[in-house]
Amino acid sequence: MTVVAMSRSELSRYERLQRVERGEITASEAGDLLRLCRRQVYRLLDRFRADGAAGLISRKRGRPSNRRLSEIYREQIFGIVRERYADFVPTLAVEYLAECLFKFCLLPSHICF
């Protein structure tokens with residue numbers, strides 16, 4: 001028997017899809033409970049039937065974010081913090097770092113402080 005770690009929302013999906021499988025509720029009712037359309041419920045049911053509970057786990061789990069900064073950029077930032085702001089508390093270091101990066105236009109557009 002395999003142990004599967006699930007979030008609360010994934011566990012809720014699992015329980016609702018089991019009820020659909022047993023015929024206790026319809027796919028439409030499950031969709032209302034899960035805030036999904038009926039079509040998505042059927043897609044989840046297909047994955048549930050094929051892979052069991054593991055099929056309901058997010059496929060994004062364990063993967064790096066698409067918005068992740070490059071490793072080189074991260075190292076540059078950490079170098080600046082270690083060099084200039086080593087004795088600062090984190091919040092103050094972030095404020096000074098943001099000011100420094102904005103001044104030299106080194107901050108990527110998708111980062112907000």
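Preceding block: the structure.
Please read these numbers as outputs of a predicted model, since none were measured by experiment. (Residues numbered from 1 in each chain as written. Predicted model: local features only at pLDDT ≥ 70, side-chain atom pairs only at ≥ 80, totals over all residues. Heavy atoms only, no water.)

### With respect to the overall build of the chain
This is how the line gets drawn: A run of H or I in DSSP becomes a helix once it reaches four residues, and a run of E becomes a strand once it reaches two; helices and strands are each numbered from the N terminus. Burial classes follow relative accessibility: with a 1.4 Å probe on protein chains only, a residue under 20% of its type's maximum area counts as buried, one over 50% as exposed, and anything between as partly exposed. Contacts between residues were defined by any pair of non-hydrogen atoms, one from each residue, lying within 4.5 Å. Accessible areas in this description were obtained via Shrake-Rupley with a 1.4 Å probe; residue shielding takes into account the shown protein chains only.
Regarding its fold elements, the chain presents five helices and zero strands. Helices and strands in the chain line up, N terminus first, as α-α-α-α-α. By residue count, 22% of the 113 residues in the chain fall in the buried class. Within the chain, contacts between residues at least 6 apart in sequence are counted, and of these 47% link residues at least 24 apart. When the accessible surface of the chain is summed, it comes to about 8,900 Å², and 52% of that surface belongs to carbon and sulfur atoms.

### With respect to the packing of helix H2 (residues 27-34) against helix H3 (residues 38-51)
Rules: Angular values range over 0 to 180 degrees, each being the angle between N-to-C directions of two axes fitted as lines to C-alpha atoms, with helices fitted over their stretch in contact. Comment on the angle field: the value is read as roughly parallel under 35 degrees, roughly antiparallel over 145, roughly perpendicular from 65 to 115, and oblique elsewhere. In this classification, Asp, Glu, Lys and Arg are treated as charged, Ala, Val, Leu, Ile, Met, Phe, Trp, Tyr, Cys and Pro as nonpolar, and every other residue, Gly included, as polar.
Running from N to C, H2 and H3 point in directions that differ by 100°, and their axes come no closer than 8 Å. Judged on the interaxial angle alone, H3 and H2 are roughly perpendicular. Between H2, through Ala27, Ser28, Ala30 and Gly31, and H3, the contact on the second element is made entirely by Arg38, Val41 and Tyr42. Across the contact of H2 with H3, the residue classes break down as four nonpolar, two polar and one charged.

### Considerations on unusual backbone geometry
The phi angle at Arg35 is positive, at roughly 60°, despite the residue not being glycine. Note that Arg35 resides in the loop between H2 and H3. Of the residues examined, Arg35 reaches a relative accessible area of 79% and is grouped as exposed.

### Details of a nonpolar patch on the surface
Cut-off, in case you're wondering: Patch membership needs two things, relative accessible area over 30% and no salt bridge, and members are linked within 9 Å if like-charged or within 5 Å if nonpolar (Val, Leu, Ile, Met, Phe, Trp, Tyr). A carboxyl oxygen of Asp or Glu within 4 Å of a side-chain nitrogen of Lys or Arg is what we treat as a salt bridge.
Judged by side-chain polarity, Val89, Leu92 and Tyr96 come together as a nonpolar surface patch covering roughly 260 Å² of accessible area. Within the secondary structure, Leu92 is located in helix H5 (residues 90-103).

### Brief notes about the packing of helix H1 (residues 8-22) against H2
What counts here: For any pair of crossing helices, the crossing counts as left-handed if the nearer helix is rotated counterclockwise from the farther one by less than a right angle, and right-handed if it is rotated clockwise.
Between H1 and H2, the shortest axis-to-axis distance is 9 Å and the interhelical angle comes to 165°. Overall, the two elements H1 and H2 adopt an arrangement that is roughly antiparallel. Of the two possible hands of crossing, H1 and H2 adopt the one that is right-handed. Counting all contacts with H1, which are made through Ser12, Arg13, Arg16, Arg19 and Val20, the residues of H2 involved are Ala27, Ala30, Leu33 and Leu34. Looking at side-chain class alone, the contact of H1 with H2 contains five nonpolar, one polar and three charged residues.

### With respect to the environment of Ser65
Definition in use: Whenever a nitrogen or oxygen atom comes within 3.5 Å of another N or O atom, the pair is scored as a polar contact, on the condition that within protein one atom can donate a hydrogen and the other can accept it, and that pairs from neighbouring residues in sequence are kept only if both atoms are in side chains.
Here Ser65 lies in the loop between H3 and helix H4 (71-84). One polar contact links the side chain of Ser65 to the main-chain amide nitrogen of Arg67, over a distance of 2.9 Å.

### Here's the deal with the nonpolar core
Inclusion rule: Definition of nonpolar core: a set of buried residues of the types Ala, Val, Leu, Ile, Met, Phe, Trp, Tyr and Cys, connected through side-chain atoms within 4.5 Å.
Grouped together as the largest cluster of nonpolar side chains are 10 residues: Leu17, Val20, Ile25, Ala27, Ala30, Val41, Leu44, Leu45, Phe48 and Leu56. When contributions to this core are tallied by element, the ones reaching two or more residues are H1, H2 and H3. It is H3 that contributes the most residues to this core, four residues altogether. Once you skip the residues sitting within four places of it in the chain, Val41 turns out to touch Leu17, Ala27, Ala30, Gly31 and Leu36. Ile80, Tyr85, Leu97 and Leu101 belong to the second largest nonpolar core, which has eight residues in total.

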